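# Working through the structure, step by step
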Amino acid sequence: MSITSETSLKVRYSETDQMGVVHHGNYAQYLELARIDWLSRLGISYKNMEENGVMLPVFTLDFKFKKSAFFDDELTVKTFLKKIPTARIVFDYEIYNQNQDLLTIASSTLVFVDTKTRKPILCPPYLLEIIENTLTS
């Protein structure tokens with residue numbers, strides 16, 4: 001079971017250090033872009049989720065840096081959902097450069113939170129339905 005998407009981005013000069021290497025702190029933003037794109041490809045707007053009372057704060061982030069990314073590289077972030085979400089949703093990622101070199105392996109766990117109470121909640125039923133329908137189609 002896996003729902004996968006691919007997100008492309010280009011490394012900007014401001015994301016690199018003096019050696020032209022992407023600073024590790026930028027990778028969290030790359031994953032965020034990929035998650036929002038993953039949701040969008042399922043027809044879900046993260047903005048609408050928040051407007052409807054559901055936030056998804058990051059609970060854990062894990063990175064394994066295999067090779068460096070550099071200024072002007074064309075990166076592809078592959079995002080994988082490997083299990084049905086509960087109160088948490090876990091994504092795995094692979095980041096490749098334009099030469100198809102695997103640069104980074106990552107994972108993130110986010111928690112569904114009610115925007116008013118700031119307490120954890122279960123994955124919204126509409127999201128579960130879309131995920132289950134995508135898996136069976």
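See the structure printed just above.
Residues numbered from 1 in each chain as written. Predicted model: local features only at pLDDT ≥ 70, side-chain atom pairs only at ≥ 80, totals over all residues. Heavy atoms only, no water.

Another aspect to go through is the layout of surface pockets. Approximately 170 Å³ is the volume found for the largest pocket. What lines the largest pocket is E32, R35, I36, L39, Y46, L56, P57, V58, F91 and L110. Counting residues per element, the lining of the largest pocket draws most heavily on helix 1 (residues 27-41), at 4 residues. Of the residues that constitute the lining of the largest pocket, the class distribution is 8 nonpolar, no polar and 2 charged. (1 Å grid on protein atoms, 1.4 Å probe; cavity = no way out; pocket = protein on both sides within 12 Å on 5 of 7 lines; lining within 4 Å. Points joined across faces, edges and corners; volume = space filled by probe spheres on them. Helix = DSSP H or I, 4+ residues; strand = E, 2+ residues; numbered from the N terminus. Nonpolar A, V, L, I, M, F, W, Y, C, P; charged D, E, K, R; others polar.)

Mapped onto the secondary structure, N133 falls in helix 3 (residues 125-136). With 130 residues separating them in the primary sequence, N133 and I3 have C-alpha atoms 11 Å apart.

Position of Y27 among the secondary structure elements: in helix 1. Relative accessible area serves as the criterion here: at 2%, Y27 is assigned to the buried category. Spatially, the C-alpha atoms of Y27 and E15 are 9.5 Å apart, while their sequence positions differ by 12 residues. Not counting the four nearest positions on each side in its chain, Y27 is found in contact with V22, F63, F65, A69, I95 and T104. (Buried < 20%, exposed > 50% of the residue type's maximum accessible area, 1.4 Å probe, protein only. Contact = heavy atoms within 4.5 Å.)

A few words now on the sheet that holds strand 3 (residues 58-65). As summarised here, the arrangement of the 5 strands in space is 1-4-5-6-3, forming an open sheet in which the pairing is antiparallel. The open sheet terminates on both sides in strands that have one partner only, identified here as strand 1 (3-10) and strand 3. Here the average twist between neighbouring strands, direction ignored, is 20°. With 8 bridges connecting them, strand 1 and strand 4 (residues 74-81) associate as antiparallel partners. Within strand 4, the residue paired with T4 across the bridge is F80. (Pairing = 2+ DSSP bridges. Axes fitted to C-alpha atoms, helices over the stretch in contact; angles between N-to-C directions.)

In terms of nonpolar packing, the biggest core is built from 30 residues, with W38, L75, I89 and F112 touching the most fellow members. Of all the secondary structure elements, the ones that give two or more residues to this core are strand 1, helix 1, strand 4, strand 5 (88-96), strand 6 (102-111) and helix 3. Of the residues forming this core, the biggest block, 6 residues, is contributed by helix 1. In this view, I89 contacts W38, L56, L81, S108, T109, L110 and F112; residues no more than four positions away in its chain are not counted. (Core = buried A, V, L, I, M, F, W, Y, C linked by side-chain atoms within 4.5 Å.)

These figures capture arrangement, not role.
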